[in-house]
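Notes for the structure review
Here is what each chain is made of, one letter per residue.
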Amino acid sequence: MHVLVPVKHVIDYNVQIQIKSGQVVHDQVKHSINPFDEIALEEAIRLKEKSFISKITAISIGPEDVKPTLRHALALGADQALHIHTDETLSTLNRAEVLQAIVSKENIDLVLMGKQAIDDDANQTGQILAALLQWPQATFASEIKPGDTWEVTREVDGGLQTIAITLPAVITVDLRLNEPRFASLPNIMKAKSKPCQTIPINEFNLTEDQAIEILEVTEPPKRQAGTMVKEIDDLIKIIQEHCA
Amino acid sequence: MKTLVIAEHQHDVLSPLTANCIEAANKLSNSCDVLLIGSKLDTIQKELSTLPSIDTCLLVESPKLSHPIAETYAPIIADIAKSYDVILMSNSTQTKDILPRVAGLMKITPLTDVIEIIDNETFKRPIYAGNAIQKVRYQAQHKLISIRPTAFKPTGETNISNISFKSIQPTIPQTKTSWVNMAEATSERPELTAAKIIVSGGRGVGSKDNFKKIESIADLMGAAIGASRAAVDAGYVPNDYQVGQTGKIVAPDTYLCFGISGAIQHLAGMKDSQTIIAIDKDPDAPIFKVADYGYVGDLFEVIDLLQNSMATS
Ligand SMILES: Cc1cc2nc3c(=O)[nH]c(=O)nc-3n(C[C@H](O)[C@H](O)[C@H](O)COP(=O)(O)OP(=O)(O)OC[C@H]3O[C@@H](n4cnc5c(N)ncnc54)[C@H](O)[C@@H]3O)c2cc1C
């Protein structure tokens, strides 16, 4: 069984982003794997360790800059990496179409991916991909139990929902699914000899989707820091005024 | 602009977020249609009749539709959506699951988490956990949009409703998804996203037992309970309480938080609250940068004193 794990190269979650001339500054800013995708990859690696799956392919769409994230994925345990090379920012529909093409080319049985990327916070690609493939989907997974049908527990408003899906399928993961491992030095070295293939975007014959055009990016209105209350009795009064 | 609002419901009761969605729809057109999908819709129908600006409510009712499974719901919605210019849903985990699947079936990129409607094709949405706001032009034959409910006031009730109801016989697709169960985080307290007051606790609360103290003052205030991801991960409270980038987005009148440092991912979920009151023992905790009132000290001391003074008053 072959699993595809899309990994997005994003500004590191610890970085406070900067905005200049209507755009988010990327130059000289630390980037890393989207944390949700790292959890998806970790889950794939665990499934492989337990022999539920046999092969993991990591894939990233973007410019040359995304390579470190693919190398990171190989160091963690992906068997091969695919770099879909483009300098444009694709729409989520186009990204899903690229993944759809790879799914059939590579005979993928399961796509495991993050529920959202922490840059655009869109939370769409997995669901769109599942629709294009006409596959079942289980989003926001916090527990995955493989079997004849796969039982997936999902984090939803109001609690935890469990559904069962038949593979092939798309599963998107939430933060509590697992805690990703660190790449060991020997594995980082070994990763260098693992296959990493680059495919130019024009091989996909996409119809460029321009439904969403970004006009500008601005800072959100800033909250003013308020008052520090020194006396605990004053604090209690303030709380009571506001919480009556 | 022919506009369709997709209503959500739980336990045969209309989700209060539907009223926020109708308010958003009103910014695009004078009236809208509403789509209601489920297995038992009569009570919800009555509730919808109290909301203004609805022309037709389309009813898709079947015992096979009792659970909101994306693989089942999406083709039904996609089929109906073809007759509309704009399709609106309120951002919930259910919407996040279903709407992009509808979009995939219609081969249209959806626009999720809209916080401002400037005109028919210009919208604002947060990115980077709300640390930046994107202004976009969105042009599509059928615009598929989810709105952030806290950014749109719920529309008021009306007693002059012109709503009419129309049943649609659905073709229910065969799917490879089956329902297993739902472990509900049951609570008598107000729903987080609709609450006027939220009392929230973080890792600083220290244990599940200690968290009961937070719960008891929340109950004295009639407040909802929130938590940081660290508190959820540590097992103090269920996942449903999490506020933040990957949890609930809230904007109550008062957000009172204890032992939450204020990581950007947490702030993403609560910084639109009207008044923020924060108690943390670390004077450098980033939460104080957004708090209207901050207090540096031991949270348990504050809780005990608060409890005593509320009990006597
Ligand atoms: C992709 C991603 C998404 C995330 N999404 C979310 C999200 O949706 N929501 C979320 O909350 N987090 C989220 N996080 C996690 C976030 O980064 C923080 O780790 C988390 O919010 C920290 O929770 P905390 O403030 O409770 O814990 P800490 O940061 O450990 O803060 C605990 C605070 O309690 C104080 N304290 C301790 N004891 C006392 C005492 N006795 N009296 C007073 N104060 C005390 C300490 O001084 C400290 O400031 C996400 C992280 C990632 C990577």
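Note that this is a predicted model, so its numbers are computed, not measured.

**Considerations on the packing of helix α3 (residues 92–105) of chain A against helix α4 (residues 125–133) of chain A**
Residues and elements named next belong to chain A. Where α3 meets α4, the axes come as close as 9 Å, and the angle between the chain directions of the two elements is 50°. One way to sum up the angle between α3 and α4 is to call them oblique. With respect to the hand of their crossing, α3 and α4 are arranged in right-handed fashion. Along the contact surface, α3 presents Thr 92, Leu 93, Arg 95, Ala 96, Glu 97, Leu 99, Gln 100 and Val 103, while α4 presents Thr 125, Ile 128, Leu 129, Leu 132 and Leu 133.

**Re the interface of chain B and chain A**
Contact residues are listed per partner, giving 81 residues for chain B and 79 residues for chain A. A buried area of about 6900 Å², summed over both sides, lies between chain B and chain A, and 56% of it is on carbon and sulfur atoms. On the chain B side of the contact with chain A, Arg 101, Thr 109 and Tyr 128 of chain B bury the most area, a combined 10% of that side's loss. Applying the counting rule to chain B against chain A returns five salt bridges. A salt bridge links Asp 97 of chain B to Arg 154 of chain A; its shortest N-O distance comes to 3.5 Å. Across the chain B-chain A interface, the total number found is 42 residue pairs in polar contact (both at pLDDT 80 or more). For the side of chain B that touches chain A, the residue count by class is 37 nonpolar, 25 polar and 19 charged. Both strand β14 (residues 212–218) of chain A and strand β10 (residues 132–138) of chain B contribute to a ladder of six bridges, which runs antiparallel. By the bridge assignment, Ile 214 of chain A is partnered in β10 of chain B with Val 136 of chain B.

**A word on the packing of aromatic side chains**
Residues and elements named next belong to chain B. In total, this model carries two aromatic pairs over all chains according to the counting rule given. Ring geometry for Phe 123 and Tyr 138: centres 6.4 Å apart, planes at 70°, overall edge-to-face. Residue Phe 123 is located in strand β9 (residues 122–127), and its partner Tyr 138 is located in strand β10; the two are separated by 15 residues in the primary sequence. For Phe 123, a relative accessible area of 1% translates into the label buried.

**Concerning the sheet that holds β9 of chain B**
Across the sheet, four strands lie side by side as β14(A)-β10(B)-β9(B)-β8(B); this open sheet has antiparallel pairing. Edge strands, defined here as strands with exactly one partner in the open sheet, are β14 of chain A together with β8 (116–119) of chain B. Between one strand axis and the next, the sheet turns through 30° on average, direction left out of account. Two strands pair when backbone bridges link them, and β9 of chain B and β10 of chain B are joined in this way by six bridges, in the antiparallel orientation. The residue of β10 of chain B that forms the bridge with Pro 126 of chain B is Ile 133 of chain B.

**With respect to α3 of chain A**
Residue and element names in this part refer to chain A. The terminal C-alpha atoms of α3, which comprises 14 residues, lie 20 Å apart, in line with the 20 Å expected from a rise of 1.5 Å per residue. In terms of residue burial, α3 counts as a mostly covered element, since 10 of its 14 residues are buried. Within the sequence span of α3, burial applies to Thr 92, Leu 93, Asn 94, Arg 95, Ala 96, Glu 97, Val 98, Leu 99, Ile 102 and Val 103. Next to the buried residues of α3 lie β1 (2–6), β6 (55–62), β7 (80–85), β8 (110–114), α4 and β13 (196–200).

**What to know about the side chain of Thr 153 of chain A**
All names here are of chain A. The residue Thr 153 is located in strand β10 (residues 150–156) in this model. Separated by 3.2 Å, the side chains of Thr 153 and Thr 162 make a polar contact. Dropping the residues within four chain positions of it, Thr 153 is found in contact with Phe 140, Ala 141, Ser 142, Glu 143, Leu 160, Gln 161 and Thr 162.

**Describing the state of the cysteines**
If you walk through the whole model with that rule in mind, you get zero disulfides over all chains. Counting only cysteine sulfurs, Cys 257 of chain B is the nearest neighbor of Cys 243 of chain A, a cysteine outside any disulfide, at a range of 11 Å. With no disulfide of its own, Cys 32 of chain B lies closest to Cys 21 of chain B among cysteine sulfurs, the gap being 8.3 Å.

**Some points on the pattern of salt bridges**
For the coordinates displayed, the defined rule picks out 27 salt bridges over all chains. In this structure, Asp 233 of chain B engages Arg 176 of chain A in a salt bridge whose closest nitrogen and oxygen atoms are separated by 2.9 Å. Pair noted here: Asp 233 of chain B is in helix α6 (residues 229–233) and Arg 176 of chain A is in the loop between β12 (169–173) and α5 (185–191), and the two residues belong to different chains. Look at Asp 233 of chain B and you get partly exposed, because its relative accessible area is 37%. Arg 189 of chain B serves as the salt-bridge partner of Glu 215 of chain B, at 4.0 Å between the closest nitrogen and oxygen. One end of the pair, Glu 215 of chain B, is in helix α5 (residues 208–221); the other, Arg 189 of chain B, is in the loop between β13 (177–184) and β14 (197–201), with 26 residues separating them in the sequence. Of the residues examined, Glu 215 of chain B reaches a relative accessible area of 18% and is grouped as buried. Connected through shared salt-bridge partners, Lys 8, Arg 95, Asp 119 and Asp 120 of chain A make up one network.

**What to know about the domain arrangement of chain B**
Accessible area lost upon the coming together of the parts serves often as the stated size of an interface. All names here are of chain B. Splitting chain B by domain gives domain 1 (3–167) and domain 2 (192–312). On a C-alpha basis, the centroid separation for the pair domain 1 and domain 2 is 31 Å. Between domain 1 and domain 2 the total buried area reaches about 660 Å² when both faces are included, carbon and sulfur atoms providing 55% of it. Its largest share of buried area at the contact with domain 2, domain 1 owes to Ala 129, Arg 148 and Thr 150, together 65% of the area lost on that side. For the interface between domain 1 and domain 2, the tally reads zero salt bridges. Taken together, the connections running from domain 1 to domain 2 amount to one residue pair in polar contact (both at pLDDT 80 or more). Counted by class, the side of domain 1 that touches domain 2 contains two nonpolar, three polar and one charged residues.

**Points about the nonpolar core**
Membership of the largest hydrophobic core comes to 57 residues, with the highest contact counts inside it found for Leu 35, Leu 48, Leu 88, Leu 144 and Ile 145 of chain B. When residues in this core are grouped by element, the largest group, eight residues, is from helix α3 (residues 70–81) of chain B. Those residues in contact with Ile 145 of chain B that sit more than four places away from it in its chain are Val 86, Ile 87, Leu 88, Met 89, Leu 99, Leu 111, Val 114, Phe 123 and Tyr 138 of chain B. The next biggest cluster of nonpolar side chains, apart from the first, holds 39 residues, and it includes Val 7, Ile 33, Leu 70 and Ile 165 of chain A.

**Brief notes about a negative patch on the surface**
Residues and elements named next belong to chain A. Together, Asp 27, Asp 65, Asp 87, Glu 88 and Glu 208 give the surface a local cluster of negative charge. Structurally, Asp 27 is set in the loop between β4 (23–24) and β5 (31–33). Under the relative-accessibility criterion, Asp 27 is labelled exposed at 62%.

Cut-offs used in this document
Residues numbered from 1 in each chain as written. Chains lettered and ligands numbered in written order. Predicted model: local features only at pLDDT ≥ 70, side-chain atom pairs only at ≥ 80, totals over all residues. Heavy atoms only, no water. Axes fitted to C-alpha atoms, helices over the stretch in contact; angles between N-to-C directions. Helix = DSSP H or I, 4+ residues; strand = E, 2+ residues; numbered from the N terminus. Parallel < 35°, antiparallel > 145°, perpendicular 65-115°, else oblique. Left-handed = near helix turned anticlockwise from the far one by under 90°. Contact = heavy atoms within 4.5 Å. Buried area = accessible area lost by both parts, 1.4 Å probe. Salt bridge = Lys/Arg side-chain N within 4 Å of Asp/Glu carboxyl O. Polar contact = N/O pair within 3.5 Å; in protein donor to acceptor, adjacent residues only side chain to side chain. Nonpolar A, V, L, I, M, F, W, Y, C, P; charged D, E, K, R; others polar. Pairing = 2+ DSSP bridges. Phe/Tyr/Trp six-rings, centres within 6.5 Å; stacked < 30°, edge-to-face > 60°. Buried < 20%, exposed > 50% of the residue type's maximum accessible area, 1.4 Å probe, protein only. Expected span 1.5 Å × (residues − 1). Disulfide = S-S within 2.5 Å. Domains from an automatic or database assignment. Core = buried A, V, L, I, M, F, W, Y, C linked by side-chain atoms within 4.5 Å. Patch = residues over 30% accessible without salt bridge, like charges linked within 9 Å, V, L, I, M, F, W, Y side chains within 5 Å. Areas by Shrake-Rupley, 256 points an atom, 1.4 Å probe, with all protein chains shown as cover. Lys, Arg positive; Asp, Glu negative; His and termini not counted. Charge placed at Lys NZ, Arg CZ, Asp CG, Glu CD.

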